[in-house]
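# A look at the structure
What follows is each chain in one-letter form.
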Amino acid sequence: MTARAASLPDGRSPARPRPSRGAPVVGTVTRGTTNPNRLRRMDRWIAATHGAALRRAAEPVAVDLGYGAAPWTAVELLHRLRTVAPRTRVTGVEIEPARVAAALPYRQDGLDFRHGGFELPVPGRPVLVRAANVLRQYDEGEVADVWRRLCARLAPADQATGSPGGLLVEGTCDEIGRRHVWVALGPEGPRTVTFATRLGSLDRPSDLAERLPKALIHRNVPGEPVHAFLRDFDRAWAAAAPYASYGARQRWIRTVRDLTADWPVTDGPRRWRQGEVTVRWDALAPRG
């Protein structure tokens, strides 16, 4: 799907984006498919877990990297983050110039669009970079280098203020945002993996395997930690079947509670009620 460049209110065509100066554009053009409200689960989690860092930041800059053929996700990210951090500014970054041109009419206070890629053509050090459904079209072997490049651009940790530094959220979801899996990374590297779903659409937790990010999706095989985790998740889900009479949410909460006996779950019932569970990265990281 390709978006057509919109006209400005006075009928003029929007200005073409200027090429990035300095560092070359890094990355390749993706399919660019997108839908309104597709990333709501990811945004909700970011607002809840990273909102305080955005509020404390002197320059609360967030980047929507690879927003696609239409700018809906960048517009939505601004509005959702500003509910918890009103000074947040969002820059949508796209490697395809035509997509940037199509997005320019949607600029508003706190929202801009730029042509670029993994070099992140924004000033300063972002407090947040969201890269949803971007690396799915890359090879697994390319992921680590992209992560290192993006993490190096994040705002650094600050021991004086207790800030953990910027956050990179990289993952994958389905076309209408029912199922997500994402990795959260800080300046030091990967921290956690979050599984999120609309519970009414779920037959069993391992249905989320098809949305594993590129770093994990080919590792869902016997002998790998993520495979063992999904196996245990399904077993706990089956054991919690009696709770289904109270609704899918209660069954999910019971399932995740049982998982905590063997897996380092980092969140609690408040997030579980949203159809989420977050696990430490080192417990699921690929072997070797």
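What comes next concerns the included structure. Every chain is numbered on its own, with residues counted from 1 as its sequence reads. In keeping with the predicted nature of the model, local features appear solely for residues at pLDDT of at least 70, side-chain atom pairs appear and are counted solely at 80 or more, and the whole-chain, interface and lining totals rest on all residues. With hydrogens and water set aside, each side-chain value is computed from the structure's full complement of heavy atoms.

### What about helix α6 (residues 225–239)?
Helix and strand labels come from DSSP, where a helix needs a run of H or I of at least four residues and a strand needs a run of E of at least two; each type is numbered from the N terminus. Here the expected length of a helix is defined as 1.5 Å per residue gap, with one fewer gap than residues. Between its first and last C-alpha, α6 extends 21 Å over 15 residues, near the 21 Å set by a 1.5 Å rise per residue. We call two residues in contact when some of their heavy atoms are within 4.5 Å. Where α6 is buried, its residues contact β7 (189–197), α5 (214–217), α7 (248–259), β8 (276–280) and α9 (281–284).

### Quick look at unusual backbone geometry
A positive phi is found at leucine 120, a non-glycine position, where the angle reads about 55°. Looking at where leucine 120 falls in the secondary structure, it is placed in the loop between β3 (111–115) and β4 (128–132). On the basis of relative accessibility, which here comes to 1%, the residue leucine 120 falls in the buried class. Phi is positive for asparagine 133, close to 60°, though the residue is something other than glycine. Along the chain, asparagine 133 turns up in the loop between β4 and α4 (140–153). Working definition: with a 1.4 Å probe on protein chains only, accessible area under 20% of the residue-type maximum means buried, over 50% means exposed, and in between means partly exposed. Relative accessible area serves as the criterion here: at 17%, asparagine 133 is assigned to the buried category.

### Regarding the sheet that holds strand β2 (residues 89–94)
Across the sheet, eight strands lie side by side as β3-β2-β1-β4-β5-β6-β7-β8; this open sheet has mixed pairing. Strand pairing shows two members of the sheet lacking a second neighbour, β3 and β8, which therefore form its edges. With strand direction ignored, the average angle separating the axes of adjacent strands in the sheet is 20°. Bridge count for β4 against strand β5 (residues 167–173) is five bridges, and the pairing is parallel. Counterpart to arginine 130 in the pairing with β5 is valine 169. Criterion used throughout: strands pair if DSSP finds at least two bridges between them. Only the stretch in contact is used when fitting a helix axis, every axis being a line fitted to C-alpha atoms; angles between N-to-C directions are given from 0 to 180 degrees.

### Details of the packing of aromatic side chains
Ring pairs shown here join Phe, Tyr and Trp side chains whose ring centres sit within 6.5 Å, with only the six-membered ring taken for Trp; geometry is labelled stacked below 30 degrees between planes, edge-to-face above 60, and tilted in between. With the rule as written, the count across this model stands at ten aromatic pairs. Ring centres of tryptophan 72 and tyrosine 106 lie 5.5 Å apart, and the angle between their planes is 85°; this geometry places the pair in the edge-to-face category. One end of the pair, tryptophan 72, is in helix α2 (residues 72–82); the other, tyrosine 106, is in the loop between α3 (97–103) and β3, and 34 residues separate them in sequence. The partly exposed category is assigned to tryptophan 72, whose relative accessible area is 31%. Ring centres of tryptophan 237 and tryptophan 252 lie 6.4 Å apart, and the angle between their planes is 70°; on these two criteria the pair is classed as edge-to-face. In this pair, tryptophan 237 is assigned in helix α6 and tryptophan 252 in helix α7, connecting sequence segments 15 residues apart. Of the two residues, tryptophan 237 and tryptophan 252, both sit in the buried class. Taken together, the aromatic side chains of Phe195, Phe229, Phe233, Trp237, Trp252 and Trp263 make up a single cluster linked through ring pairs.

### Points about the side chain of asparagine 133
A polar contact is formed between the side chain of asparagine 133 and the backbone nitrogen of cysteine 173, at a distance of 2.9 Å. Beyond its immediate stretch of four places on either side in the chain, asparagine 133 contacts Arg38, Leu39, Gly171, Thr172 and Cys173. By the criterion applied in these results, polar contacts are pairs of N or O atoms within 3.5 Å in which, for protein atoms, one can donate a hydrogen and the other can accept it, and in which residues neighboring in sequence qualify only through two side-chain atoms.

### Regarding the pairing of β5
In regular strands, side chains alternate between the two faces of the sheet. By the criterion of burial, β5 is predominantly enclosed, with seven of the seven residues buried. Neither face of β5 is open: one carries Leu167, Val169, Gly171 and Cys173, the other Leu168, Glu170 and Thr172, and all of them are buried. Handedness of a crossover is defined as follows: with both strands directed away from the viewer, a clockwise route from the first strand across the helix to the second makes it right-handed. Of the crossover connections in this fold, the one passing from β4 over α4 to the parallel β5 is right-handed. Taken together, the six bridges between β5 and strand β6 (residues 179–186) define a ladder with antiparallel strand orientation. Across the sheet, valine 169 pairs through a bridge with alanine 184, a residue of β6. Between β5 and β6, which pair antiparallel one after the other, the connecting turn spans five residues, and glycine 177 there sits at a positive phi close to 75°.

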